[in-house]
Amino acid sequence: MTRSKTFLSFILGSTMMTACASVTPDVAEATDPVEVAGDASADAEAAPVVAAWSPGDAFAGPYGGVPAFDKMDIALIEPALEKGMAAQKVEIDAITANPDAPTFENTIAAMEDTGRELDRVLTYYYLWGSNLSTPEFREIETRMDPEIQAFYDSINQNQALFARVDAVRTGAEYETLTPVQQRLTEIIHQRFTRNGGTLTGEKAEKFAEINKELAGLYAEFSGNLLADEEGWVTFLTPEQTGGLPDSYLSSAAAAAEALGKPGMYAVRNTRSSMDPFLTYSTERDLREQVWHNYYNRGDNGDAHDNNAIIARILKLRDERVALLGYDNYAAWRLEDRMAKTPERAFDLMLQVWKASIARVHEEVADMQALADEEGAGIKIEPWDYRFYAEKVRKAKYDLDSEEVKQYLQLDNLRLAMFDVAGQLFGFEFVPVTDGSVPVFHPDVTVYEVNDKATGRNVGLWYFDPFARDGKRSGAWATTYRSHESFRGEKNVLAANNSNFVKPAPGEPVLVSWDDAETMFHEFGHALHYLSLQVEYPSLTSGLRDYTEFQSQLLERWLPTDHVINTYLVSAETGEPMPAELVEKIRKASTFNQACDDGIPRLRPD
Ligand SMILES: [Zn+2]
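Cut-offs applied
Residues numbered from 1 in each chain as written. Predicted model: local features only at pLDDT ≥ 70, side-chain atom pairs only at ≥ 80, totals over all residues. Core = buried A, V, L, I, M, F, W, Y, C linked by C-beta atoms within 7 Å. Buried ≥ 20, exposed ≤ 12 C-beta atoms within 10 Å, placed from the backbone. Helix = DSSP H or I, 4+ residues; strand = E, 2+ residues; numbered from the N terminus. Contact = placed C-beta atoms within 7 Å. Pairing = 2+ DSSP bridges. Axes fitted to C-alpha atoms, helices over the stretch in contact; angles between N-to-C directions. Expected span 1.5 Å × (residues − 1). Bend = angle between axes of the 7 residues up to and from the residue.

Novice: Can you help me understand the nonpolar core in this one?
Specialist: A general tendency of soluble globular proteins is for nonpolar side chains to be buried together. Judged by nonpolar contacts, the single largest core of 47 residues is most densely connected at Leu-413, Leu-460, Ala-494 and Leu-530. Of all the elements in the fold, those that place two or more residues in this core are α17 (410-425), β6 (445-451), β7 (457-466), β8 (476-481), β9 (492-500), α18 (513-531) and α21 (561-567). Tallying contributions element by element places α18 first for this core, with eight residues. When sequence neighbours within four positions are dropped, the list of residues in contact with Leu-460 reads Tyr-63, Val-66, Val-437, Val-446, Tyr-447, Glu-448, Val-449 and Leu-493.

Novice: Got a minute to help me understand unusual backbone geometry in this structure?
Specialist: Trans is the common state for peptide bonds, and a negative phi is the common state for residues other than glycine. Here the phi dihedral of Tyr-63 falls at roughly 55°; this positive angle occurs in a residue that is not glycine. Relative to the elements of secondary structure, Tyr-63 occurs in the loop between β2 (49-50) and α2 (77-96). Residues other than glycine seldom take positive phi values, yet Lys-340 does so here, at roughly 70°. Summarising the element assignment, Lys-340 is placed in the loop between α13 (329-334) and α14 (342-374). On the basis of neighbour count, Lys-340 is assigned to the exposed category, with 12 C-beta atoms found within 10 Å.

Novice: Hey, could you run me through the sheet that holds β7 in this one?
Specialist: As a general point, the strands of a sheet are linked pairwise by backbone hydrogen bonds and lie either parallel or antiparallel. Read across the sheet, five strands follow the order β5-β6-β7-β9-β8 without closing on themselves; strand pairing throughout is mixed. Whereas interior strands pair on both sides, the edge strands pair on one side only; in this sheet they are β5 (427-431) and β8. Ignoring strand direction, the axes of neighbouring strands in this sheet form an average angle of 25°. With five bridges connecting them, β8 and β9 associate as antiparallel partners.

Novice: Even after reading the chapter, I still don't get helix α15 (residues 382-397), so can you show me in this structure?
Specialist: Along an α-helix, residues three or four apart share an orientation, since each turn contains 3.6 residues. Here α15 spans 22 Å end to end across 16 residues, near enough to the 22 Å set by a 1.5 Å rise per residue. At Tyr-388, α15 is bent by approximately 30°, the largest bend along its length. Summarising the contacts, the buried residues of α15 are in contact with α10 (271-280), α11 (284-295), α14 and α16 (401-405). In the stretch just after α15, Asp-398 is the one whose phi turns positive, near 55°.

Scope: geometric values only; no functional claims are made or implied.
This is the structure we're talking about:
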């Protein structure tokens, strides 16, 4: 799982919750219906009059309510955030103003029921940040992220609130609580102690000030990264396309056309566009250029340079945890993780470091030998790694990535994941009727997830597969609503997002073996969300170290006989992947594990 913003998760220690329970804030204002302009079609008919988008409202419609992704209006997000924060403040103030002695119910449980309006608004806000970003939205983010952080700090540092939480944690009632309630109390108590709740006076002010600055820096950092991904495109002439597969060229041609350069080929500055280019292009100078564009994101000494931001972030993180008495940021960060201490984390890393570096040298030596044999007359550089790794793979294992890709069709992989989820979890995935669930982009598809045995609706699964401007790199899973049973049973709205290059119309999406594994991995996170059975919202996320377990486990179902024989069929002939090719993939599975990018390789999270 990755999230576009980390501050909420480390401040709140939970995935972002959105829920349907209706909370009527005292600050609610009446919203007048407004006229919404129709689409670009030049119909003479009057545009329909519909209610304005109200992002804090309970999700309406089918499946326990769904986000109104079709009505999003960037002009309304900022006031909605302000209103949501004001509403949660009123709810928190009601808890601290309670004259009764603190109890689990009037303090801990009451806190769990606050901020639902704000959570709903944040669902849209974060979706914009990760899937639909624009320069205009990035300006809003840079302004609002610090405000949102300051708001959460005001809760985490609310002395009256912490006094009540502490009274529940240390009081006689604690022993009578259920284990789940005790765990929740413990988590909420830690949220205060780890995030400045025990600080007072100047130290408390300084802590909040640092957090606010950090939130602004994080927004700026990711905004710069995205700006450099959008801003640096390498356009190829037809003479510069040597080595590139047809499937890559047809999508690169479509991308260039969309960018106003018909007749050329666009290599976008994203992993999904850069990676195959570096693997196949025979144009070494262009490989160098594309490599630099990608690895220098945020490092070009221009308006989007992140160097000073990184240095400032590191300094502020240290300063912040020093206020809490920690030696350094790593000590604070690792305290509640399996590693526990920076020393143990370093030990673990150093155990693999030497072996990884040695392996990199071996792999580069293989590449160099092959280049020498070819009479290439070059010294292997980082922009040659993928290109020669592919050649070494062919030479050593007789394995051709393009040949493998023919058997990895995105639609079939999705069906394979559904099949596996059906067998392992008893889930059934059914496409929703067209148009019944609003989506934020025409590429997004939505599926009902039902329990096969009982027919009960578990929730919905949204899938946003393709790369586009404004969408951050990589693959990730998220929720728009998580399970809880605390104030009534909630079904789950889970989502998977990836960045496959959109094919030319009518062509299948063919993906690499790595990308197929990543899809299974991220779908594992979605299945985790869909399988949750939790009472209280704060208990949905689980421990950070555990979060990767189920997703890494699900990757193992990709190379199973059932999936291979049923779903990995050739896009050209419809024949299943031959046993011989499967065997080659298995044999080559540890190949180039060290050298991808020239740095020891870690799984994406
Ligand atoms: Zn993961």
